[in-house]
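Each chain, written out:
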Amino acid sequence: MTTTVGGPPGTGAGVPVRGASSLVEAVFRARELSIAGALALLVLGTYLANPRFLSGQGVRDLLLNASILVLLAVGQSAVVITRNIDLSVGSVVGLSAFACGRFVAGTDHGVLAVMLLGLAVGAVCGLVSGSLVGFGGVPALVVTLGMLYVIQGVDYWWAQGDQIGAAEVPDPVLRLGSVLGVPYLPLIALVVLAATASFLRDRVSGRELYAIGSNPEAALLAGIPVRRRVLAAYVFSGAVAGFAGALWLARFGTVVADNAHGWELTVVSAVVVGGVAITGGTGTVWGAALGALLLTTIGSVLVVLKVDAFWQGALTGALLLLAIGVDRVVDLRLTAALRKRSARHGNAV
């Protein structure tokens, strides 16, 4: 879309812009509700087929399995909103998990040190990608695909076929524990999700990411520091992926060089299915999180129903194609509606 409704507050004035903004928000609120409805129907249908799916342990496993993917979807959303993409997040998770494992193996390092190391490793990877995309002008697809292979190569070279077992990881890292009986990972994912959603919605710099994705040239002319914002989005995505890698170590205990291998496409699928347009400028992290939860639930449902794992990839691809098609149709109709609304007020969109 090339309207200014996705831009930062104050880029336009008058009733038409406010009305257009309300229309856009209503459309994407409906998109998120439809995903939530599909998720509810999926869970209900599986429960009727196998009541153990919603047992206490079943729900706990579902939330734990979804948490890391939700975190990665949140970081990826910030990049995709700017009309870019980060295909290196899966490899960043693997590198961060192995680095944190090597750091704590056979030591008494605390949880905070592990989390900070994961954030630092991911932020450095994001800084490299963001610098090449934002300041170097290199296409994001080329940069992040290259980073994917570079990071994987470094990880394999470093690991040399070795793995770190849970027996080598300090107990405090493995026992991050629960809060009031609720697993910690979903709580961490929820906090990151809510904080990111608030930033993108309420802060000027957050709204500027939408303006960049909606129309990079117009954003530059409006005085928005496009390069710095794109760099910041990549650093954030990388830091979240690195943090997810540290949590991967805490969750599973055992790490190898290819942890989260292939997850980058699943993350992109979750983001797009959740309503974040691959063309940038629209969508919310709440929708991306719902998309991640939906894809994770589909995987769990197939296991419960004893369906071949091949169909999980097929369904993910079908959902991705459907989401892209829906985005295109919604974009065309929304643009037409905004033009009609602006024409009635004597303005051009």
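Sequence positions are assigned chain by chain, starting from 1 and proceeding in written order. In keeping with the model being predicted, local features are shown solely for residues with a pLDDT of at least 70 and side-chain atom pairs are shown and tallied solely at 80 or more, while totals for entire chains, interfaces and linings include all residues. No hydrogens and no water enter the side-chain calculation; it runs on all heavy atoms of the structure.

**Brief notes about the overall build of the protein**
Convention followed: What counts as a helix is a DSSP run of H or I of at least four residues, what counts as a strand is a run of E of at least two, and both are numbered from the N terminus. Whether a residue is buried, partly exposed or exposed follows from its accessible area with a 1.4 Å probe, protein chains only, as a fraction of its type maximum: under 20%, in between, or over 50%, in that order. Contacts: residue pairs with any heavy atoms within 4.5 Å of one another. What sets the accessible areas is the Shrake-Rupley method with a 1.4 Å probe; for residues, cover comes only from the shown protein chains.
When helices and strands are counted, the protein shows 13 helices and 2 strands. The buried share of the protein, taken over its 349 residues, is 48%. Relative to all contacts within the protein whose residues are 6 or more apart in sequence, the contacts with residues 24 or more apart total 79%. With the model as given, the accessible surface of the protein reaches about 16100 Å², and the carbon-plus-sulfur share is 66%.

**Describing the confidence of the model for the protein**
Using the following cut-off: The predictor's confidence in any single residue is recorded as pLDDT, a number from 0 to 100.
Here the protein averages 83 in pLDDT, and 86% of its residues register 70 or above. Contacts from residues 1-19, a stretch scored under 50 in pLDDT, to residues over four places away or in other chains number 34 contacts.

**Observations regarding helix α2 (residues 56-81)**
Every α-helix carries 3.6 residues per turn, so stepping three or four residues along brings you back to the same face. Rule in force here: How far a helix is expected to stretch is found by multiplying one less than its residue total by 1.5 Å.
Its 26 residues give α2 an end-to-end C-alpha distance of 36 Å, which sits within 8% of 38 Å, the value for a rise of 1.5 Å per residue. Backbone geometry just downstream of α2 places R83 in the positive-phi region, at approximately 70°.

**Remarks on the environment of V230**
Summarising the element assignment, V230 is placed in helix α10 (residues 226-252). The class for V230 is buried, based on a relative accessible area of 5%. Along the backbone, V230 and R83 are 147 residues apart, and their C-alpha atoms lie at a distance of 9.4 Å.

**A look at the packing of helix α8 (residues 204-214) against α10**
Rule in force here: Lines are fitted to the C-alpha atoms to define the axes, a helix being fitted only along its stretch in contact, and any angle between axes, read from their N-to-C directions, falls within 0 to 180 degrees. Working rule for angles: under 35 degrees goes down as roughly parallel, over 145 as roughly antiparallel, 65 to 115 as roughly perpendicular, anything else as oblique. Under the scheme applied, nonpolar residues are Ala, Val, Leu, Ile, Met, Phe, Trp, Tyr, Cys and Pro; charged residues are Asp, Glu, Lys and Arg; polar residues are all the others, including Gly.
With their axes 10 Å apart at the nearest point, α8 and α10 run at an angle of 105° to one another. Taken together, the axes of α8 and α10 are roughly perpendicular relative to one another. Within the contact between the two elements, α8 uses S205, E208, L209 and I212 and α10 uses V226, R229 and V230. Looking at the contact of α8 with α10, its residues break down into 4 nonpolar, 1 polar and 2 charged.

**Topic: helix α7 (residues 184-202)**
A rise of 1.5 Å per residue sets the reference length of α7, with its 19 residues, at 27 Å; its end C-alpha atoms lie 27 Å apart and thus fit the reference within 8%. Those residues of α7 that sit buried are Y184, L185, P186, A189, V192, L193, T196, A197 and L200.

**Quick word on the packing of aromatic side chains**
We apply this condition: Working definition: a ring pair exists when centres of Phe, Tyr or Trp rings (six-membered ring for Trp) sit within 6.5 Å. Plane angles under 30 degrees give stacked, over 60 give edge-to-face, the rest tilted. In this analysis the charged atom, NZ for Lys or CZ for Arg, is taken to sit over a ring once it is within 6 Å of the ring centre and within 35 degrees of the ring normal.
All chains considered together, the criterion is met by 3 aromatic pairs. Residues F98 and W158 carry aromatic rings whose centres are separated by 5.5 Å and whose planes lie at 75° to one another, so their mutual orientation is edge-to-face. Highlighted residues: F98 in helix α3 (residues 89-104) and W158 in helix α5 (residues 140-159), separated in sequence by 60 residues. Given the relative accessible area of 31%, W158 is considered partly exposed. Look at W248 and F252: their rings are 5.0 Å apart centre to centre, the planes differ by 55°, and that puts the pair in the tilted class. One end of the pair is W248 and the other is F252, both in helix α10 and 4 residues apart, which spans about a single turn. These aromatic residues form a ring-pair network of at least three members: W248, F252 and W263. The ring of Y210 has R207 lying over it, and the distance from NZ or CZ to the ring centre is 4.8 Å.

**Brief notes about the packing of α2 against helix α11 (residues 263-273)**
Our working rule: Rotating anticlockwise by less than a right angle from the far helix to the near helix defines a left-handed crossing, while the corresponding clockwise rotation defines a right-handed one.
Following both chains from N to C, one finds α2 and α11 inclined at 70°, their axes separated by 9 Å at the closest point. Classed by the angle they form, the pair α2 and α11 counts as roughly perpendicular. Crossing hand, α2 versus α11: right-handed. Here I68, L69, L72, A73, Q76, S77 and V80 of α2 come into contact with α11, specifically with W263, T266, V267, V268 and V271. Split into classes, the residues belonging to the contact of α2 with α11 amount to 9 nonpolar, 3 polar and no charged.

**Quick notes on the side chain of T297**
Inspection of the secondary structure puts T297 in helix α12 (residues 285-304). In this structure T297 comes out as buried when scored by relative accessible area, which is 0%.

**Some details on the nonpolar core**
Keep this limit in mind: To qualify as a nonpolar core, a set must consist of buried Ala, Val, Leu, Ile, Met, Phe, Trp, Tyr and Cys residues joined through side-chain atoms within 4.5 Å.
Among the nonpolar cores identified, the biggest contains 86 residues, and V114 and L249 are the most heavily contacted of them. In terms of residue count, the dominant contributor to this core is α10 (13 residues). If we ignore the near neighbours within four places in the chain, the residues touching L249 are A97, C100, G101, V104, V114, V169, V173, L174 and V255.

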